[in-house]
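In case you want the letters, here they are:
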Amino acid sequence: MNEGARCAGASAVSEDTRDKLLAGALATLVEHGITKASARTIAAAAGVNQALVFYHFGTVDELLAAACRRGAEQRVALYRERLGRVRTLAELLELARDLHAAERDGGHGAVLGQLLAGAQTQPRLAPATGAGLALWTDEIEKVLGRVLSGNPIAELIDVDGLAKAVSAAFVGLELYEGVDPDGATRAFAALEQLAGLVAVLDDLGPIAQRAVRAALARQRR
């Protein structure tokens with residue numbers, strides 16, 4: 001075997017090990033939470049020697065940060081096509097319900113919640129966790145910009161800020177449902193009522209929409 005082939009083989013093995021460690025870190029967070037995410041537990045979940053955690057990532061925190069980015073990229077990619085087809089807030093909420101159920105059942109929402117909590121005391125987790133949340137926020141901002149286009153309410157709302165609020169609320173609902181399922185159900189119902197209001201504004205004729213815009217402008221002064 002020539003030198004180039006040996007290097008390619010070693011690189012493939014190294015990448016495979018990294019992938020196993022990233023998957024092991026995500027599995028550990030789902031099953032045990034961040035407080036038990038040690039090199040030992042992650043390596044056991046990955047099926048590799050725990051020394052490889054430090055060889056490939058330096059620290060457990062760096063591994064968790066990389067796993068957060070990987071997990072967010074995978075989850076967003078899974079829903080990106082469907083998000084791109086959303087044309088109304090009602091459709092967005094329908095997708096949110098499906099996503100909520102899938103993320104809850106798979107433990108993925110809890111992972112992001114764990115990392116957000118961990119970032120409060122472990123600052124090295126904050127950039128990657130924020131970047132993971134930003135992947136969702138960017139997709140939601142695109143949808144909100146599209147569905148609110150032309151609606152009088154779009155002139156009153158900071159769409160970027162609203163996208164961040166929606167992302168934060170989604171993570172909060174994932175965790176809130178664990179202690180108050182009925183409250184989480186009512187929260188979704190309230191969002192559906194808001195979507196209905198926006199739909200009504202969309203259906204108004206041009207004269208009525210001008211009146212709404214004028215009223216909103218007065219409220220902002």
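The structure displayed is predicted, hence computed values, not measured ones. (Residues numbered from 1 in each chain as written. Predicted model: local features only at pLDDT ≥ 70, side-chain atom pairs only at ≥ 80, totals over all residues. Heavy atoms only, no water.)

Observations concerning the confidence of the model for the protein
Across the protein, the average pLDDT comes to 81, with 83% of residues at or above 70. In the predicted structure, residues 4-10 sits below a pLDDT of 50 and forms one contact with residues beyond four places in sequence or in another chain. (pLDDT = per-residue confidence, 0-100. Contact = heavy atoms within 4.5 Å.)

What about the nonpolar core?
Of all hydrophobic cores here, the largest spans 29 residues; its most connected members are Leu21, Leu29, Ile42, Leu63, Leu64, Leu115 and Leu125. Elements that contribute at least two residues to this core include exactly α1 (3-32), α2 (39-46), α3 (51-57), α4 (60-85), α6 (108-119) and α7 (126-147). Broken down by element, this core gets its largest block of residues, seven residues, from α4. Counting residues in each nonpolar core, the second largest holds 20 residues, with Leu89, Ile153, Val159 and Phe170 among its members. (Core = buried A, V, L, I, M, F, W, Y, C linked by side-chain atoms within 4.5 Å. Buried < 20%, exposed > 50% of the residue type's maximum accessible area, 1.4 Å probe, protein only. Helix = DSSP H or I, 4+ residues; strand = E, 2+ residues; numbered from the N terminus.)

A look at the environment of Thr35
Here Thr35 lies in the loop between α1 and α2. In the structure, Thr35 is positioned 79 residues away from Gln114 in sequence and 8.9 Å away in space, judged by C-alpha atoms.

Digging into the pattern of salt bridges
This model, assessed by the stated rule, comprises seven salt bridges. For Glu81, the salt bridge identified is with Arg85, shortest N-O distance 3.5 Å. Taken together, the residues Glu81 and Arg85, both in helix α4 and four residues apart, mark about one turn of the helix. Taking relative accessible area as the criterion, Glu81 reaches 61% and is therefore assigned exposed. Ionic pairing is found between Glu139 and Lys142, a salt bridge with its closest N-O pair at 3.5 Å. Residue Glu139 and its partner Lys142 are both found in helix α7; the two are separated by three residues, about one turn of the helix. Judged by relative accessible area, which is 8%, Glu139 ranks as buried. For Lys142, a relative accessible area of 51% corresponds to the exposed category. Through salt bridges with shared partners, a single network forms among Arg80, Glu139 and Lys142. (Salt bridge = Lys/Arg side-chain N within 4 Å of Asp/Glu carboxyl O.)

Let's talk about the packing of α6 against α7
Put simply, α6 and α7 touch, their axes get as near as 9 Å, and they point 145 degrees apart. The chirality of how α6 crosses α7 is left-handed. Counting all contacts with α6, which are made through Leu112, Leu115, Leu116 and Ala119, the residues of α7 involved are Ala126, Thr129 and Leu133. (Axes fitted to C-alpha atoms, helices over the stretch in contact; angles between N-to-C directions. Left-handed = near helix turned anticlockwise from the far one by under 90°.)

Observations regarding helix α8 (residues 159-176)
Here α8 is 18 residues long and its end C-alpha atoms lie 25 Å apart, about the 26 Å a rise of 1.5 Å per residue gives. Residues of α8 that are buried include every one of Val159, Ala163, Ser167, Phe170, Val171, Leu173 and Glu174, and no others. When α8 is viewed along its axis, its buried side chains cluster within an angular range of 160 degrees and face the same direction. (Expected span 1.5 Å × (residues − 1). Arc of directions from axis to C-beta.)

Some details on the packing of aromatic side chains
Using the criterion set out here, one finds one aromatic pair in the structure. Ring centres 6.1 Å apart and planes at 45 degrees place the aromatic pair Tyr79 and Trp136 in the tilted group. Here the residue Tyr79 occupies a position in helix α4, and Trp136 occupies one in helix α7, the gap between them amounting to 57 residues. On the basis of relative accessibility, which here comes to 10%, the residue Tyr79 falls in the buried class. The exposure class assigned to Trp136 is buried, which follows from its relative accessible area of 13%. (Phe/Tyr/Trp six-rings, centres within 6.5 Å; stacked < 30°, edge-to-face > 60°.)

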